[in-house]
Amino acid sequence: NDDGFYYDLMGGTTYVLRMSQRALFASDDTFSIQAFETAVNDECANRAAISIAQGSPTNVPLDFRAGTESVNGPCETDSNQQLDLWYEFTMPIDGNVRITGIPSTIYRTIYDACGGSELVCGNDDGFFYDLTSGTTYVLRMSQRALFANPNDFNIEPFATATNDECADRTLIAVGTSTTTNVPVDFRAGTESVNGPCETASNIQQDLWYEFTMPVNGNIRITNIPSTIYRTLYDACGGTELLCGNDDGYFYNLTSGTSYVLRMSQWE
């Protein structure tokens, strides 16, 4: 009942269609009917190859109206009919892959092979983390039949940041007379820990730094939006001293002491 699909029909075959409604609701109405040719990549065995490269996103068209449900993804509701299309890509670098341009009704799942292990699943725009250079991954894109419409998505790889982990933190030279500008690109990071002022259920991609305090006093961080968090530690794996988001201060720091700074942003 309601809007929906009939799947896997055969070209040239004549079908009989019965439309019905409970007498209580009987009234004038109309319906629309349209045929969609089965997508070439409707099954994993016929997955489409996507070429991805660092530095620019690759745009990929989607039309779930031409798909059927092959499997249930690990983050989907089993009772929903999820129409899916299949792809594969080879990771050009060690790092993350980001998918953008999709609504929350579209799910994305990666596997190590057709019929293999489900590695990561999520809906809406987001990342797949810690992928390995030279490895080919299978990507399943899916959408509940109720919402199936033409769409597209962008896919782009990002090399793992050199300071993605605290052990590999970047040294920052700070002074009293000038500000030091530090670039950040959280698309190249992963979540190492949860900061004390972050929402634990959010994935916060982080980058790590270290600085030595030149005087007794305060450190001010500016030029960041409210979506970026800053956390100060006394050492890697040490005590969390202060945490906040947006522009702000760390107070009462000690001259000659080295501090570890974690910058993070929700994916």
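Note that residues are indexed from 1 along each chain, following the sequence as it is written. Local features in this predicted model are restricted to residues whose pLDDT is 70 or higher, and side-chain atom pairs enter the listing and the counts only when it is 80 or higher, whereas totals over whole chains, interfaces and linings include all residues. To obtain the side-chain values, all non-hydrogen atoms of the structure were used and water was disregarded.

Chemist: Explain the overall build of the protein to me, using residue names and the numbers behind them.
Modeler: Along its length, the protein carries zero helices and 16 strands. Throughout, the radius of gyration refers to the C-alpha atoms, and the reference size of a globule is 2.2 Å times the residue count to the power 0.38. Computed over C-alpha atoms, the radius of gyration of the protein comes to 25 Å, more than 25% over the 18 Å expected from 2.2 N^0.38 for 267 residues, which places it beyond the range of a compact globule. Each principal axis of the C-alpha distribution contributes one length, and for the protein these read about 85 × 50 × 30 Å. Contacts are assigned to residue pairs that have any heavy atoms within 4.5 Å of one another. Expressed as a percentage of contacts within the protein between residues at least 6 apart in sequence, the contacts between residues at least 24 apart total 74%. Note on areas: these come from Shrake-Rupley sampling with a 1.4 Å probe, and a residue is covered only by the protein chains present in the view. Looking at the protein as shown, the accessible area adds up to about 15,100 Å², and 47% of this sits on carbon and sulfur atoms. For the protein, the distance from the average site of its 13 positive side-chain charges to the average site of its 35 negative ones is 4 Å. Only DSSP runs of H or I with at least four residues qualify as helices, and only runs of E with at least two residues qualify as strands; both kinds are numbered from the N terminus onward. Charged-residue counts in this description rest on Lys and Arg as positive and Asp and Glu as negative, His and the chain ends being excluded. Lys charges are placed at NZ, Arg charges at CZ, Asp charges at CG and Glu charges at CD.

Chemist: Describe in detail the state of the cysteines, supporting the description with residues and values.
Modeler: Note on terminology: a disulfide is the covalent bond linking the sulfur atoms of two cysteines. In this description, the term disulfide denotes a pair of cysteine sulfurs within 2.5 Å. Scanning the entire structure with this criterion turns up four disulfides. Shown here is the disulfide that connects Cys166 with Cys236, its sulfur atoms set 1.9 Å apart. Note on the Cys166 and Cys236 pair: the S-S dihedral is about -95°, so by sign convention the disulfide is left-handed. One end of the pair, Cys166, is in the loop between strand E9 (150–159) and strand E10 (170–172); the other, Cys236, is in the loop between strand E13 (228–233) and strand E14 (240–245), with 70 residues separating them in the sequence. A 1.4 Å probe rolled over the protein chains alone gives each residue an accessible area, and that area as a share of the maximum for its type sets the label: buried under 20%, exposed over 50%, partly exposed in between. Here Cys236 falls in the partly exposed class, since its relative accessible area comes to 32%. Linked covalently through their sulfurs, Cys197 and Cys243 form a disulfide whose S-S length is 1.9 Å. Taking the torsion about the sulfur-sulfur bond, which here is approximately -55°, the covalent link between Cys197 and Cys243 counts as left-handed. Of this pair, Cys197 sits in the loop between E10 and strand E11 (204–212) while Cys243 sits in strand E14, and the two are 46 residues apart along the sequence.

Chemist: Kindly report on a nonpolar patch on the surface, identifying the contributing residues and their values.
Modeler: A surface patch of nonpolar side chains, about 950 Å² in accessible area, is lined by Tyr6, Leu9, Met10, Tyr15, Leu17, Met19, Phe31 and Ile33. Within the secondary structure layout, Tyr6 lies in the segment before strand E1 (48–50). Put simply, a patch holds well-exposed residues, over 30% relative accessible area, that have no salt bridge, with like charges counted together within 9 Å and Val, Leu, Ile, Met, Phe, Trp or Tyr side chains within 5 Å. Between Lys or Arg on one side and Asp or Glu on the other, a salt bridge is scored when a side-chain nitrogen of the former is within 4 Å of a carboxyl oxygen of the latter.

Chemist: How would you summarise the pairing of strand E16 (residues 258–266) if you had to cite specific residues and measurements?
Modeler: Only strands that DSSP links by at least two bridges are regarded as paired with each other. Across nine bridges, E11 lies against E16 in antiparallel orientation. If you follow Leu207 over to E16, its bridge partner there is Met263. Alignment of E13 against E16, held across six bridges, turns out to be antiparallel. What sits directly across from Ile228, in E16, is Gln265.

Chemist: Can you explain unusual backbone geometry? Please cite residues and give values.
Modeler: For Asp2, which is not glycine, the phi dihedral falls at a positive 70°. With respect to the secondary-structure elements, Asp2 resides in the segment before E1. On the accessibility criterion, Asp2 (68% relative accessible area) is exposed.

Chemist: Now, about the sheet that holds strand E2 (residues 58–63): what can you tell me, with residues and values included?
Modeler: Spatially, four strands are ordered E2-E9-E4-E7 in an open sheet, and the strand pairing comes out antiparallel. Of all the strands in the sheet, the pair left with one neighbour each is E2 and strand E7 (126–131). When the angles between neighbouring strand axes are averaged without regard to direction, this sheet yields 25°. In this structure, strand E4 (residues 95–100) lies alongside E9, joined through six bridges in antiparallel fashion. Considered in E9, the bridge of Thr100 is made with Asn154. Here, axes are lines fitted to C-alpha atoms. For helices the fit covers the stretch in contact, and angles between N-to-C directions go from 0 to 180 degrees.

Chemist: An account of the layout of surface pockets is requested, with residue identities and associated values reported.
Modeler: A volume near 1,600 Å³ is recorded for the largest pocket. Gly4, Phe5, Tyr6, Ser32 and Ile33 are, among the 39 residues lining the largest pocket, the residues nearest its centre. Any residue outside Ala, Val, Leu, Ile, Met, Phe, Trp, Tyr, Cys, Pro, Asp, Glu, Lys and Arg is labelled polar, Gly included; the first ten of those are nonpolar and the last four are charged. Taken together, the residues that form the lining of the largest pocket break down as 18 nonpolar, 14 polar and seven charged. When its volume is computed, the second largest pocket comes out at roughly 750 Å³. Put simply, the parts of the chain that give the lining of the second largest pocket at least two residues each are E11, strand E12 (217–221) and E16. Of the residues forming the lining of the second largest pocket, the biggest block, four residues, is contributed by E12. Method remark: on a 1 Å grid restricted to protein atoms, a set of points is classed as a cavity if a 1.4 Å probe fits but cannot get out and as a pocket if it is open with protein on both sides within 12 Å along at least five of seven lines; lining residues have an atom within 4 Å of a point. Grid points are joined across faces, edges and corners, and a volume is the space filled by probe spheres set on the points.

Chemist: Outline the nonpolar core, supporting the account with residue identities and numerical values.
Modeler: By nonpolar core is meant a set of buried Ala, Val, Leu, Ile, Met, Phe, Trp, Tyr and Cys residues that side-chain atoms within 4.5 Å join together. One finds Phe89, Leu139, Met141, Phe153 and Ile155 to be the most contacted residues of the largest nonpolar core, which totals 27 residues. Counting only elements with at least two residues in this core, the list comes to E2, strand E3 (82–90), E4, strand E5 (106–111), E7, strand E8 (136–144) and E9. For this core, the element with the highest residue contribution is E3, accounting for four residues. Within the second largest apolar cluster, 18 residues are counted, among which are Ala161, Ile172, Phe211 and Leu253.

Note that every value here comes from positions in space, so none of it alone points to a role or purpose.
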